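# Examining the three-dimensional arrangement
Letter by letter, the chains look like this.
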Amino acid sequence: MVLPPSCVRLLSRNFSKMHCFRIPETMVLELGDGDDGVDGSAAIGTGREMLTATESTKQTLKIFDGNDSMRKNQFRLVTVSRLARNEEVMEAALRAYYISEDPKDFQLQALPLSGSAQALGKAGTTEEETSKGSCPRDSVPEAWVIRSLPRTQEILKIYPGWLKVGVAYVSIRVNSQSTARSVVQEVLPLFGQQVKDQERFQLIEVLMSSRQVQRTVLADEEPLLDRLRDIRQTSVRQVSQTRFYVAETRAMAPRVSLFVGGLPPGLSPQDYSNLLHEAMATKAAVVSVSHVYSLQGAVILDVTCFAEAERLYMLARDTAVHGRPLTALVLPEVLHTKLPPDCCPLLVFVNPKSGGLKGRELLCSFRKLLNPHQVFELTNGGPLPGFHLFSQVPCFRVLVCGGDGTVGWVLAALEETRRHLACPEPAVAILPLGTGNDLGRVLRWGAGYSGEDPFSVLVSVDEADAVLMDRWTILLDAHEIDSTENNVVETEPPKIVQMNNYCGIGIDAELSLDFHQAREEEPGKFTSRFHNKGVYVRVGLQKISHSRSLHKEIRLQVEQQEVELPSIEGLIFINIPSWGSGADLWGSDNDSRFEKPRIDDGLLEVVGVTGVVHMGQVQGGLRSGIRIAQGSYFRVTLLKATPVQVDGEPWVQAPGHMIISATAPKVHMLRKAKQKPRKAGAIRDTRVDTLPAPEGNPL
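Conventions and cut-offs
Residue numbers restart at each chain and count upward from 1, following the sequence in its written direction. Given that the model is predicted, a residue must reach a pLDDT of at least 70 before its local features are reported, and side-chain atom pairs must reach 80 or more before they are shown or counted; all residues, however, enter totals for whole chains, interfaces and linings. Note that water and hydrogens are dropped before the side-chain values are worked out from all heavy atoms of the structure. A run of DSSP states H or I qualifies as a helix once it reaches four residues; a run of E qualifies as a strand once it reaches two. Both are numbered from the N-terminal end. Residues are treated as being in contact if the distance between any of their heavy atoms lies within 4.5 Å. Buried means the residue's accessible area, taken with a 1.4 Å probe over protein chains only, is under 20% of the maximum for its type, while exposed means over 50%, and partly exposed covers the values in between. Strand pairing is defined by DSSP finding a minimum of two bridges between the two strands. Fitted lines through C-alpha atoms serve as axes, helices being fitted only where they are in contact, and the angles separating the N-to-C directions of these axes extend from 0 to 180 degrees. These descriptions rest on fixed angle ranges, namely under 35 degrees for roughly parallel, over 145 for roughly antiparallel, 65 to 115 for roughly perpendicular, and the rest for oblique. For any pair of crossing helices, the crossing counts as left-handed if the nearer helix is rotated counterclockwise from the farther one by less than a right angle, and right-handed if it is rotated clockwise. Just so you know the grouping, Ala, Val, Leu, Ile, Met, Phe, Trp, Tyr, Cys and Pro go in nonpolar, Asp, Glu, Lys and Arg go in charged, and all remaining residues, Gly too, go in polar. Salt bridge criterion: a side-chain nitrogen from Lys or Arg within 4 Å of a carboxyl oxygen from Asp or Glu. Think of a nonpolar core as a cluster: buried Ala, Val, Leu, Ile, Met, Phe, Trp, Tyr and Cys residues, connected wherever their side-chain atoms sit within 4.5 Å. Seen with its strands pointing away from the viewer, a crossover is right-handed when the path leading from the first strand over the helix to the second is clockwise.

### Topic: the overall build of the chain
A tally of regular secondary structure across the chain gives 18 helices and 38 strands. Long-range pairs, those at least 24 residues apart, make up 71% of the contacts in the chain with a sequence separation of at least 6.

### Looking at the pairing of strand 8 (residues 170-175)
For a regular strand, side-chain orientation follows a simple rule: the groups alternate between the two sheet faces. Here strand 8 shows a buried face lined by Val170, Ile172 and Val174 and an unburied face lined by Ser171, Arg173 and Asn175. Judged from the six bridges that link them, strand 7 (residues 153-160) and strand 8 form a sheet pairing that is antiparallel. Paired with leucine 156 across the bridge in strand 8 is isoleucine 172.

### Some details on the packing of helix 10 (residues 358-369) against helix 14 (residues 454-463)
Where helix 10 meets helix 14, the closest approach of the two axes is 10 Å, and the angle between their N-to-C directions is 70 degrees. Taken together, the axes of helix 10 and helix 14 lie roughly perpendicular to each other. In this structure, helix 10 crosses over helix 14, and the sense of that crossing is right-handed. Between helix 10 and helix 14, the contacting residues are Leu362, Ser365, Phe366 and Leu369 on the first element and Pro454, Phe455, Val457 and Leu458 on the second. In the contact of helix 10 with helix 14, the residues fall into seven nonpolar, one polar and no charged.

### Notes on the pattern of salt bridges
Under the counting rule described, the total for this entry stands at 25 salt bridges. Its salt-bridge partner being arginine 151, residue glutamate 101 comes within 3.4 Å of it at the nearest N-O pair. With a gap of 50 residues between them, glutamate 101 in the loop between helix 4 (86-96) and strand 4 (106-110) and arginine 151 in the loop between strand 6 (143-148) and strand 7 connect regions that are remote in the sequence. Look at glutamate 101 and you get partly exposed, because its relative accessible area is 27%. Measuring nitrogen to oxygen at the nearest pair gives 3.7 Å for the salt bridge that ties aspartate 591 to arginine 627. With aspartate 591 in the loop between strand 31 (570-574) and strand 32 (604-609) and arginine 627 in strand 33 (residues 626-631), this residue pair connects regions lying 36 residues apart in the sequence. A single network of salt bridges, built from pairs that share partners, joins Glu101, Arg151, Glu154 and Arg232.

### Focus on the sheet that holds strand 27 (residues 495-499)
In spatial order, the strands read 27-24-37-34-29-30; together these six strands make up an open sheet with antiparallel pairing. Because the sheet does not close on itself, it has two edges, and the strands there are strand 27 and strand 30 (561-563). With direction set aside, neighbouring strand axes in the sheet form an average angle of 25 degrees. Note that strand 34 (residues 633-638) and strand 37 (residues 656-661) share six bridges and pair antiparallel. Bridge assignment links leucine 638 to a residue of strand 37, and that residue is glycine 656.

### What to know about the sheet that holds strand 33
The sheet built from six strands is open, its strands ordered 33-32-31-28-35-36 with antiparallel pairing. Each edge of the open sheet carries a strand with a single partner, namely strand 33 and strand 36 (649-653). Across the sheet, the axes of successive neighbouring strands diverge by a mean angle of 20 degrees, strand direction being ignored. With five bridges joining them, strand 28 (residues 502-506) and strand 31 adopt antiparallel strand pairing. Residue pairing for strand 31: tyrosine 502 is matched across the bridge by isoleucine 574.

### Section: the nonpolar core
Within the largest apolar cluster, 63 residues are counted, with the highest numbers of intra-cluster contacts made by Val348, Phe366, Phe387, Phe396, Val398, Leu399 and Met669. When sequence neighbours within four positions are dropped, the list of residues in contact with leucine 399 reads Leu346, Leu347, Val348, Phe349, Phe366, Ala429, Ile430, Leu431, Val457 and Val461. By size, the runner-up hydrophobic cluster in this structure holds 28 residues, among which are Val497, Ile568, Leu571 and Val606.

### Comments concerning the pairing of strand 21 (residues 397-402)
With six of six residues buried, strand 21 lies mostly within the body of the structure. The alternating pattern of strand 21 places Arg397, Leu399 and Cys401 and Val398, Val400 and Gly402 on opposite faces, both of which are buried. Pairing of strand 21 with strand 22 (residues 428-432), which is carried by five bridges, proceeds in the parallel orientation. Its bridge partner lying in strand 22, valine 400 is registered against isoleucine 430. One crossover worth recording links strand 21 to the parallel strand 22 by way of helix 12 (residues 404-417), and it is right-handed.

Following this line, the structure appears as structure tokens:
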């Protein structure tokens with residue numbers, strides 16, 4: 001399920017990891033290895049509190065791990081006994097920075113450094129203390145820096161910079177005579193390469209700290225022992241964050257893929273190029289439009305200059321075209337030809353606005369469990385950047401974390417980009433974060449996410465079953481509207497929307513519209529399912545005495561046949577057996593007039609409700625709706641302006657026609673597998689259960 005890091009290429013010299021992983025700058029970043037120390041002002045207070053809280057036999061020391069931490073005044077506090085031996089102090093200092101090397105290879109130097117400064121040397125003692133042994137440390141300075149003792153040789157791990165190598169790394173011994181070129185010559189035969197081709201290879205140093213991944217090509221005559229000494233002088237723990245790779249020499253031309261969204265839809269590639277040149281003064285010599293997504297108003301720019309890519313990225317954040325702000329994202333390149341044949345990575349979309357703060361927590365969790373490049377935040381460019389990144393991946397699946405509206409958003413984007421995808425029909429799983437989550441219920445993903453382990457969610461997606469689901473196209477064609485103000489006739493252009501779950505006309509849509517307007521007025525209050533449902537109930541109670549006589553205001557044709565409507569206040573077309581947060585609107589009773597509903601039968605069920613009380617009884621399981629019709633083609637005539645909602649998105653539709661048909665292709669969804677009962681005593685870890693069973697010993 002993981003997009004292999006070796007199959008992702010991103011030339012991003014001028015962009016931080018925050019930009020490359022599409023992490024908004026407003027997020028509170030976790031403290032990483034680069035800045036998890038305590039700064040001077042905070043540390044002084046912390047140290048005093050610790051001294052007052054501990055016994056008088058304790059002493060708190062400030063420990064720096066090299067020149068970099070001294071320059072930034074970032075240190076860690078260590079509390080030791082005043083009678084502690086110097087070996088114990090050294091071990092505590094190394095432990096504070098998670099350094100597991102032999103303490104005898106290090107010494108502590110007191111700060112401020114001076115000619116007479118004390119040093120806890122090799123074996124952890126000074127010359128004075130050799131004769132005295134352990135003694136009270138009243139005169140010991142409170143600030144120390146860890147220093148590495150000079151070494152005549154070291155064991156170094158060298159990793160291969162290409163795939164399909166029999167070993168993960170090789171260990172070699174380097175001394176004062178070892179250079180980058182001599183190391184390359186020594187390790188190439190161990191990786192199965194011809195020594196005569198050694199000129200094609202180079203030694204690369206890669207620093208992988210929490211804030212950056214820094215790649216440095218070492219010069220052929222670079223002495224490695226001196227290089228390691230310089231690294232430890234900067235930061236002792238930096239050695240554990242640094243790897244050395246042997247890789248082929250490649251002259252990489254600068255190339256950055258920049259996604260730009262928020263443009264007017266429906267333009268030609270040349271029009272988009274001219275528009276961006278006018279808005280951001282793009283340089284034609286280094287900027288070209290490589291892909292155009294006209295329906296979504298988005299383009300992909302190929303930029304062959306790092307400085308220009310950085311300028312366009314920063315400028316797009318403050319640029320608006322036709323009143324709409326632009327969106328810019330840095331996208332990597334997926335090397336699809338290098339993907340393993342059995343690789344089926346998971347493309348994850350998360351809507352952080354769904355489910356209160358759970359969406360934001362899931363976004364961070366999935367970025368840790370998977371490759372961050374395969375996890376996309378929908379409020380930052382929508383689904384299109386993710387589908388473009390995976391456009392050449394031959395096989396992938398999709399996980400949508402959000403409500404039914406979010407799922408519809410992703411499915412609509414999938415439909416519009418399908419012709420650009422090497423995998424045109426990826427299966428889609430759901431992690432429900434919304435209020436109703438009817439589609440999630442039908443596909444067994446539950447009524448809503450309640451804090452399950454994200455790893456177990458991935459396991460469930462991996463074990464899920466693929467099923468087909470109908471999607472429906474609704475054509476809304478309004479009649480001419482008389483404008484009383486200017487005495488002119490206005491015409492609403494026809495509109496096409498896609499439906500996955502249900503379409504409601506009348507009282508059902510009116511309640512959704514009132515709820516939607518209340519949420520728009522005070523979005524900060526709608527952060528929990530409990531509150532959202534409470535508002536829905538309150539809106540419904542206000543409509544109990546409402547009477548609209550919908551059956552007199554609309555006409556219904558099913559398969560070209562006129563259908564007489566009973567006395568109803570709402571007409572609902574349902575594609576799935578769940579409505580209004582899990583209610584069974586159609587009912588389970590057998591009826592010889594209709595076929596048993598399925599989500600892939602190419603048929604819609606038409607149901608009527610008599611009012612708010614009837615809807616409440618349906619949601620309480622006391623009644624079902626009024627079965628009216630079943631078919632694959634419907635024509636509804638609205639005689640007056642009427643509330644309409646499709647998959648929870650409501651609006652007031654002007655008088656005219658609505659045509660509902662199954663012209664949209666079926667989509668592949670993932671239905672959560674049923675839990676298999678386990679035998680008593682067969683308790684195994686979830687991660688173990690995902691492993692294939694040995695041949696001849698089926699589970």
